[in-house]
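# Fold and geometry: a report
Residues per chain are reported as follows:
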Amino acid sequence: MKPPPGFLHANVLTRLNSSAVSVPGANSIFTCHSLVGESWVPVPGFFSAPALPRTSTADHLSLCYFSCPISWHCHSATRPNPSLHTSNIQMDQASQLRPKAQAQPLLPANHHLFNMATRWGLCGVGKISHDFSVAMKTLPPGDHQIVAVAARSLERAQEFAKKHSIPKAYGSYEELASDPEIDMVYLGVLHTEHWRVGLLVLQAGKNMLCEKPFAMNSRQVGDLIAASRKFNVFLMEAIWSRCFPLHREVRRLLAEDAIGEVKLVKAYFGSPQLHIPRSVEKELGGGALLDIGVYTLQFVLMVFNGERPESIHATGVLLNSGVDESMVVVMKFSRNRLAFCFFSIAVSLPNDATISGTKGTIRVLGPMHCPTTLEVNGKTTQYPLPEPSLPLNFTNSTGLRYEAEEVRQCLLKGLKESPRMPLSESALLTEIMDECMKQVGVVFNQDSQ
């Protein structure tokens, strides 16, 4: 791909002799861009000519363009002491040199991720971890690899590893968190354990994609976010809906005012689950809100760009166990915009979402949390998913591939959170759920801890 304007292109192997390339001054400062997919992504940091070593320590691909201008193309070493090679020298136009800055490391901390598979470790061997593993097989193996799995039982971890061809199995989450060959941990344990196991993972210095709901309440979510910042690691709540191509199109349409000013958002999610223990038992974090209602609320926040509602009114029906069976939530936002959400684990619902604007309507057909059909002012568009290699536990679960790829792209860009589901929005989402449960009368043991 053609480099950005004003950048010189040079391809070199891992042994880089800076005197072999024309550098306009010993104290010139370089900035670096890397090719990620079809986009040029700036790499943080400045590099001075003296910092370019005679022998580079990098051993992974990283295609860089410097504003001196010069580019550095570092391939994985295939033999000891590879020789210098330059080619394709070209210049689009002269570029302005920066004044010398304080010396910085030659490569960013995440340089090893460029053109190297993101190495995943799975915490949990339940149904969602199975579906996540199947979804990962629809992605290029050169981009994503599951290298380890952990469960509270080594036997269960080994059984899961064998089924999904995962090299390593651990009988504890601590062992997985300490594995140096893991770049990203997928936390698929029961959400009552997200806080405890999540802190263990983050404090071990591991990046983490945490299944929804993030945790049991705002206090626990705040602890997870604080830990990710303290230990300088990536953290994202796995609201997979945000990463679907269809939802990206919805955001584009809203940004372009395709339906005018949005006045009302409606979202429904109903799934008969009263026979499932984790859905109805308080000790297992049951209830409609934490399991499926979260999808309707996050959709509203996506439409309103993470804005805090001016008011929240919730009413619902509780089971004998004390968790919510069904709930209705009405929110009012600035400029007299409304949102209506209804969710239930007792009955089936259309499971769709509608955005009504002054110039038209956007409708996300069911299942709205993992959608493949979009209707805009009566015109329908399909977004098909790849077929799974093994049977799935949940609807459209190969769509989990999109959140995995979102995580990879964030790591390549050196981000610590996803712009599609920022931590501030996860915190707000949890605050709204806390308020809904308070109004309906749901109290978990974790709320008093």
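Think of each chain on its own: its residues are numbered from 1, step by step along the sequence as written. Totals for whole chains, interfaces and linings use every residue, but because this is a predicted model, local features are given only for residues with pLDDT of at least 70 and side-chain atom pairs only at 80 or more, for both listing and counting. Heavy atoms from the whole structure form the basis of all side-chain values; hydrogens and water molecules are not counted.

As recorded in an unreviewed UniProt entry, the chain goes by the name Trans-1,2-dihydrobenzene-1,2-diol dehydrogenase, listed as coming from Coregonus suidteri. UniProt positions are given in the numbering used here, feature names are shortened, and annotations may be inferred rather than shown by experiment. The record held by UniProt for the chain lists under Sequence similarities (unreviewed entry) the comment "Belongs to the Gfo/Idh/MocA family."

The helix count covers DSSP runs of H or I at least four residues long, the strand count covers runs of E at least two residues long, and both are numbered beginning at the N terminus. Helix and strand counts for the chain come out as ten helices and 18 strands. Contacts are residue-level and defined by heavy atoms, with any inter-residue pair within 4.5 Å sufficient. Counting only contacts in the chain whose residues sit at least 6 apart along the sequence, the fraction spanning at least 24 positions is 70%. Put simply, the chain shows about 19400 Å² of open surface, and 52% of that area lies on carbon and sulfur atoms. Accessible surface area values rest on a Shrake-Rupley calculation with a 1.4 Å probe, where residue burial reflects the displayed protein chains alone.

Turning next to helix 6 (residues 245-255). Only protein chains enter the area calculation, which uses a 1.4 Å probe; residues under 20% of their type maximum are buried, those over 50% are exposed, and those in between are partly exposed. Buried residues of helix 6: L246, H247, E249, V250, L253 and L254, and no others. Each buried residue of helix 6 lies within a common arc of 155° when the element is viewed along its axis, so the set occupies one face. Of the surrounding elements, those touching the buried residues of helix 6 are strand 11 (262-270), helix 8 (288-303), strand 15 (353-357), strand 16 (360-364) and strand 17 (373-376). Phi for D257, located one or two positions after helix 6, is positive at around 55°. As used here, the arc belongs to the directions running from the helix axis to the C-beta atoms.

Pairing in this open sheet of eight strands is mixed, and the strands run 12-13-14-11-15-16-17-18 from one edge to the other. Pairing within the sheet leaves two strands with one partner each, and these edge strands are strand 12 (311-318) and strand 18 (379-382). On average, adjacent strands in this sheet sit at an angle of 10° to one another, irrespective of strand direction. A strand pair is defined by DSSP finding two or more bridges across the two strands. Note that strand 11 and strand 14 (residues 337-344) share seven bridges and pair parallel. What sits directly across from V265, in strand 14, is A339. A fitted line through C-alpha atoms serves as each axis, taken over the contacting stretch for helices, and the angle formed by two N-to-C directions is quoted from 0 to 180°.

Before going further, it helps to spend a moment on the environment of S165. Relative to the assigned elements, S165 resides in the loop between helix 2 (154-164) and strand 7 (168-170). Take S165: its relative accessible area is 63%, and that puts it in the exposed class. Between the C-alpha atoms of S165 and V147, which are 18 residues apart in sequence, the distance is 9.0 Å.

Right, let's talk about the packing of aromatic side chains for a bit. Here is the rule: rings of Phe, Tyr and Trp (six-membered ring for Trp) pair when centre to centre is within 6.5 Å. Planes less than 30 degrees apart are stacked, more than 60 are edge-to-face, and the remainder are tilted. Taken as a whole and judged by the stated rule, the model has seven aromatic pairs. When the centroid spacing of 4.4 Å and the interplanar angle of 40° are considered together, the rings of F304 and F333 count as tilted. Placement of F304 in the loop between helix 8 and strand 12 and of F333 in strand 13 (residues 324-333) is noted, with a sequence separation of 29 residues between them. Of the two residues examined, F304 and F333, each falls in the buried class. By the ring-pair criterion, three or more aromatic residues cluster together here, those being W120, F132 and Y186. Whether a charge lies above a ring is judged from NZ of Lys or CZ of Arg, which has to be within 6 Å of the ring centre and within 35 degrees of the ring normal. The ring of W195 has R219 lying over it, and the distance from NZ or CZ to the ring centre is 5.5 Å.

A few words on unusual backbone geometry. Omega for the peptide link from K212 to P213 comes to -15°, which places this bond in the cis form. Cis geometry marks the peptide bond from G366 to P367; its omega dihedral reads 0°. Among the structural elements, P367 can be located in the loop between strand 16 and strand 17. The backbone phi angle of S165 is positive, close to 55°, even though this residue is not glycine. At N377, a residue that is not glycine, the phi angle is positive and equals roughly 50°. In this fold, N377 is placed in the loop between strand 17 and strand 18.

Taking strand neighbours across the sheet as the criterion, the six strands line up as 7-6-5-8-9-10 in an open arrangement whose pairing is parallel. Both edges of this open sheet fall to strand 7 and strand 10 (235-238), since each of them pairs with a single strand only. Shown here is a sheet whose adjacent strand axes are inclined to one another by a mean of 25°, direction ignored. Two elements, strand 6 (residues 144-150) and strand 7, share three bridges in a ladder whose sense is parallel. Directly across from A150, in strand 7, lies its bridge partner Y170.

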